[in-house]
Amino acid sequence: MQTEKKQLLIYVIVAYGITYVQGLLMWYGYGKDLDLSAFPKAQMLYPAAGVMMAYLITKKEDKNLPKTFYIFFVALTAVLVVCTAASVLAPKNIDLMGTMFSQWGLILECIMIGGSVIFWLLLLASGNEKCRVYGLNSGHWNISVLMILLFIGLYLLRFLIASAFRGQLSEFGKIMVNPATWSMFFTVLMNFFISVVAFFGEEYGWRYYLQPLLQKKFGLKGGVILLGCVWAVWHLPIDFFYYTTPDMGLTALASQFVTCISLGLFMAYTYMKTQNIWVPIIIHFLNNNMAVVFSGTYSADVLQNQQIHWGDIPVALVINLLLFGWVIFLKSFKEKKE
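No experiment lies behind these values; they were computed from the predicted model shown. (Residues numbered from 1 in each chain as written. Predicted model: local features only at pLDDT ≥ 70, side-chain atom pairs only at ≥ 80, totals over all residues. Heavy atoms only, no water.)

A. Fine view of the packing of aromatic side chains. Under the counting rule described, the total for this entry stands at 39 aromatic pairs. Aromatic side chains phenylalanine 69 and phenylalanine 200 sit 6.0 Å apart centroid to centroid with 80 degrees between the ring planes, which places their arrangement in the edge-to-face category. Taken together, the residues span a long stretch of sequence, with phenylalanine 69 in helix 4 (residues 67-89) and phenylalanine 200 in helix 9 (residues 179-218) at a distance of 131 residues. A single burial state applies to phenylalanine 69 and to phenylalanine 200, both of which are buried. Ring plane angle 75 degrees and centroid distance 5.2 Å describe the contact between phenylalanine 192 and phenylalanine 285, whose orientation is recorded as edge-to-face. Here phenylalanine 285 lies in helix 13 (residues 278-294) and phenylalanine 192 lies in helix 9, a separation of 93 residues in the sequence. (Phe/Tyr/Trp six-rings, centres within 6.5 Å; stacked < 30°, edge-to-face > 60°. Helix = DSSP H or I, 4+ residues; strand = E, 2+ residues; numbered from the N terminus. Buried < 20%, exposed > 50% of the residue type's maximum accessible area, 1.4 Å probe, protein only.)

B. Local environment of the environment of isoleucine 194. Locating isoleucine 194 in the fold gives a position in helix 9. A residue is classified by how much of its surface remains accessible, and isoleucine 194, at 36% relative accessible area, is partly exposed. For the pair isoleucine 194 and lysine 60, spaced 134 residues apart in sequence, the C-alpha separation works out to 29 Å. Apart from the residues lying within four places of it in its own chain, the contact partners of isoleucine 194 are Met112, Ile113 and Ser116. (Contact = heavy atoms within 4.5 Å.)

C. Structural context of the pattern of salt bridges. Within this structure, the stated rule accounts for five salt bridges. Across the salt bridge formed by lysine 41 and glutamate 109, the nearest N and O atoms sit 2.3 Å from each other. Taken as a pair, lysine 41 in helix 2 (residues 38-43) and glutamate 109 in helix 5 (residues 103-126) lie far apart in primary sequence, 68 residues in all. Judged by relative accessible area, lysine 41 falls into the partly exposed class, the value being 28%. The partly exposed category is assigned to glutamate 109, whose relative accessible area is 31%. Across the salt bridge formed by glutamate 129 and arginine 132, the nearest N and O atoms sit 2.6 Å from each other. With a gap of three residues between them, glutamate 129 and arginine 132 both fall in helix 6 (residues 128-133), about one helical turn apart. Among the residues examined, glutamate 129 registers a relative accessible area of 41% and is labelled partly exposed. (Salt bridge = Lys/Arg side-chain N within 4 Å of Asp/Glu carboxyl O.)

Below, the structure is given as structure tokens:
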């Protein structure tokens, strides 16, 4: 029990402590009108880094601990923390073919791509037994693929319903029949392999580590709902200074609760059903990137400076719970009798 508490404390310090300290830097950078795009990308690695730091400190004698893989990931996270801090404390823009880009943002992108390549190599080198013991393995791919396809279908249905509410069904139709949409979709899928560290970073922290811990304490349903809440609060700095503007920050945070609880239920279900951490990792990747594709902009800029109003929240809550929250009534969430 003492070891478990120590692990949780280390996890919280890394996953939340760094996030909120970086939030102060985002606040400073926002006031200076600086590029903050490096922050949400680096932040995605903090939960997994927290788990790994906790295990490296408390389980260092365990022969099955994938130490090299863990140490690399923690070191990669530390480098990205430095890059994000430098992007506001020592900002510098460079001109690429007439377009200005943040030097540190480009450096961070290159580090993440290179880091993803090394990530795969070290993961393979860790061996099956270490991966199995520490939840890094994959399996049950028949049901896993079905879960991923189900998510894609539900996501597109949500997009269709949202378009109908906005009176933009014709625009949705144009996007869906546009060959560029599907070309971009399959291009994005290929990008998974060179951006994996970010999505692994969140899901290894949330679904692999924190979900079982909270479910053990608060029950199968209560633990996942609480996880959705703490996941939403973790987004606070980027809700205020990246996804929206500070005047809409509270609205964005409320919207984040809707998304994290409803989508968190579905992702929790897929993990419980498959015991394959790669399923929620892939779903998380799809959720973030399909927004870019099916918005019709084909640009990640669609995620920044969104307009979110209080009137949007009730509709989003109903749609998300109907499409993703229904899984809470399935067998996987039923408590076993003592």
